[in-house]
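# A closer look at the structure
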Amino acid sequence: MDLFDKYAPFSDRYGQLEDLGVDPFHMRVEKILSPTRAIIDGRETILAGTNNYLGLTFDPTVIAAAVRALKTQGTATTGSRIANGTYPGHIALEKEIADFLGRRSAIVFPTGFQANLGILAGLAGSKDIILLDADSHASIYDGCRLSGATMIRFRHNSPADLDKRLHRLAEKQVNKLVVVESIYSMLGDQAPLDEFAEVTRRHGVSLLVDEAHSLGVFGDRGQGLVAELGIEDDVDYVVGTFSKSLGSVGGFGASNHPKFDILRYTSRPYMYTASASPSNVEAVIEAIKQIRARPNLREKLWDNARDLYRRLTDIGYQLCAPVSPILAVNMPNEETAIYCWNELLKAGIYVNLALPPGTPNGACLLRASLSAAHSPNEIKTIAGVFANIAARAALKKQPERVGL
Ligand code: PMP
């Protein structure tokens, strides 16, 4: 008997990957050069598998804000806000987010994962019901579990299935919270948020939207998909992360609910963890300012996404969703996905290898993501390598190997 016995299936699977000479889960970035370049395996590599959508990680004003905070406030707060106090930056950032999203208040967490844990476990309790999209992120599932609420999954991106389930629950006199995301991180597909909003409004239940991958990407100032669709009044709670478009680390929950701030005294993932460090906080404040002031970043991101989408589909690759900053290339099987991922890396292109069980419907994917910082030449190079791999596989008379 050993505590690690339960991981035997994982070890076996991992061993098979190692036998194939790849280790996608321990890819080492030897040196980071820019938002879109790094040295990997001694080779300069184009990064097309980050969430650095606006390329702000190397923005001089964002870096200057972080350095200023490091020098004047130190490296860390070394404790939670209820025990060690709130820094001026925490308050300034929460005001900035609330103002950005047009919400009454915002609560900052040390990571996006914790934001979902803290908001979900804070809002819902054991007598409540959470209805969540089946393809929800792990942090949403874990937040629901932590809340103790009854969890009901509805079919991915299906307002009709949600409607049906809410009808069945109509007699139950308990609080019901519906949870969806704006863009799903694996396939890059967008939720029909306006339809979800219509269903939740009609049933009189609360709606929470995780805007992790849509903040900075949608909306006239980058506020997200809720703002783009003009459905702010139908969305009760917004959760987001700083680790993607905002180029930092941390997360938040925001709402107009007059009692929202009670979560600061009731939500354990907020209360019992060290607060976000001053450099993170100041970097995010500056990043939001940049996003608001520079719509061209968003335009560049979308131009790059459209450009790569067109090039990949022209080659014959099958993409899993309409164009978005996440382009998931469907692979026919695991072996082909691993082969192509490795060939891309050897040719200096890094994308994400996404395999079951971490993917919806057992899909095997090469997940590329775009940044405003990619140059037109980088997009051309990425597409060129994808084309070479398709051609090489075709030469081997195995066109189906690349999903053609
Ligand atoms: N929500 C969603 C939808 C995500 O995709 C992620 C991260 N991939 C998170 C929450 C967690 O964010 P973080 O990585 O900043 O903790």
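Below: a short report on this structure.

Conventions adopted
- Residues numbered from 1 in each chain as written.
- Predicted model: local features only at pLDDT ≥ 70, side-chain atom pairs only at ≥ 80, totals over all residues.
- Heavy atoms only, no water.
- Helix = DSSP H or I, 4+ residues; strand = E, 2+ residues; numbered from the N terminus.
- Buried < 20%, exposed > 50% of the residue type's maximum accessible area, 1.4 Å probe, protein only.
- Contact = heavy atoms within 4.5 Å.
- Areas by Shrake-Rupley, 256 points an atom, 1.4 Å probe, with all protein chains shown as cover.
- Lys, Arg positive; Asp, Glu negative; His and termini not counted.
- Charge placed at Lys NZ, Arg CZ, Asp CG, Glu CD.
- Near = heavy atom within 4 Å.
- Polar contact = N/O pair within 3.5 Å; in protein donor to acceptor, adjacent residues only side chain to side chain.
- Pairing = 2+ DSSP bridges.
- Axes fitted to C-alpha atoms, helices over the stretch in contact; angles between N-to-C directions.
- Parallel < 35°, antiparallel > 145°, perpendicular 65-115°, else oblique.
- Left-handed = near helix turned anticlockwise from the far one by under 90°.
- Nonpolar A, V, L, I, M, F, W, Y, C, P; charged D, E, K, R; others polar.
- Expected span 1.5 Å × (residues − 1).

## A closer look at the overall build of the protein chain
Across its full length, the protein chain carries 15 helices and 14 strands. Along the longest, intermediate and shortest principal axes, the C-alpha atoms of the protein chain span 65 × 55 × 55 Å. Within the protein chain, buried positions represent 54% of all 404 residues. Across the protein chain, the fraction of contacts at a sequence separation of at least 24, relative to all contacts at a separation of at least 6, is 68%. For the protein chain, the exposed area adds up to about 17,800 Å²; of that, 52% sits on carbon and sulfur atoms. Looking at the protein chain, you have 43 positive and 45 negative side-chain charges, and the mean spots of the two groups are 2 Å apart.

## Some thoughts on the site of the ligand
Inspection of the region around the ligand gives 14 residues, with F113, D210, H213, T241 and S243 positioned closest. Here a nitrogen atom of the ligand and a side-chain polar atom of H137 are 3.5 Å apart. Alone, the ligand offers 390 Å² of accessible surface; in the complex the protein occludes 83% of this. Per-element tally for the shell around the ligand: the top contributor is helix α5 (residues 112-123), with three residues.

## Considerations on the sheet that holds strand β5 (residues 129-133)
Ordered by their spatial adjacency, seven strands build an open sheet running β4-β10-β9-β8-β7-β5-β6, and the pairing between neighbours is mixed. The open sheet is flanked by β4 (105-109) and β6 (150-154), the only strands paired with a single partner. Within this sheet the neighbouring strands show an average axis-to-axis angle of 20°, counted without direction. Pairing of β5 with β6, which is carried by five bridges, proceeds in the parallel orientation. By the bridge assignment for β6, L132 is matched with R153.

## Observations regarding unusual backbone geometry
Along the chain, P356 connects to P357 via a cis peptide bond; the corresponding omega equals 10°. Inspection of the secondary structure puts P357 in the loop between β13 (352-354) and β14 (364-369). The phi dihedral of T78 falls on the positive side, at around 60°, and the residue is not glycine. Tracing the backbone through its elements, the reader meets T78 in the loop between α2 (60-73) and α3 (81-84).

## Considering the packing of α5 against helix α6 (residues 138-147)
With their axes 8 Å apart at the nearest point, α5 and α6 run at an angle of 30° to one another. One element, α5, and the other, α6, form an angle in the roughly parallel class. When the axes of α5 and α6 are compared, the crossing they make is right-handed. Residues F113, N116, L117, L120 and A121 of α5 touch α6, and the partners they reach there are A138, S139, I140, D142, G143, C144, L146 and S147. Of the residues assigned to the contact of α5 with α6, the class counts are eight nonpolar, four polar and one charged.

## Side note on helix α12 (residues 278-293)
Here α12 contains 16 residues, and its C-alpha end-to-end distance of 23 Å stays within 8% of the 22 Å for a straight helix at 1.5 Å per residue. Summarising the contacts, the buried residues of α12 are in contact with α2, α4 (88-101) and α13 (295-315).

## A few points about the environment of Y270
Within the secondary structure, Y270 sits in helix α11 (residues 268-271). Note: C-alpha distance between Y270 and I82 (188 residues apart in sequence) is 9.0 Å. For Y270, the contacting residues outside a window of four places in its chain are R81, I107, V108, F109 and R264. A polar contact is formed between the side chain of Y270 and the side chain of R81, at a distance of 3.3 Å.

## With respect to the side chain of S185
As for its position among the elements, S185 is in the loop between β7 (176-181) and α8 (193-203). Look at S185 and you get buried, because its relative accessible area is 17%. If near-sequence neighbours (up to four positions away) are discounted, S185 is found in contact with H213, I326 and R367.

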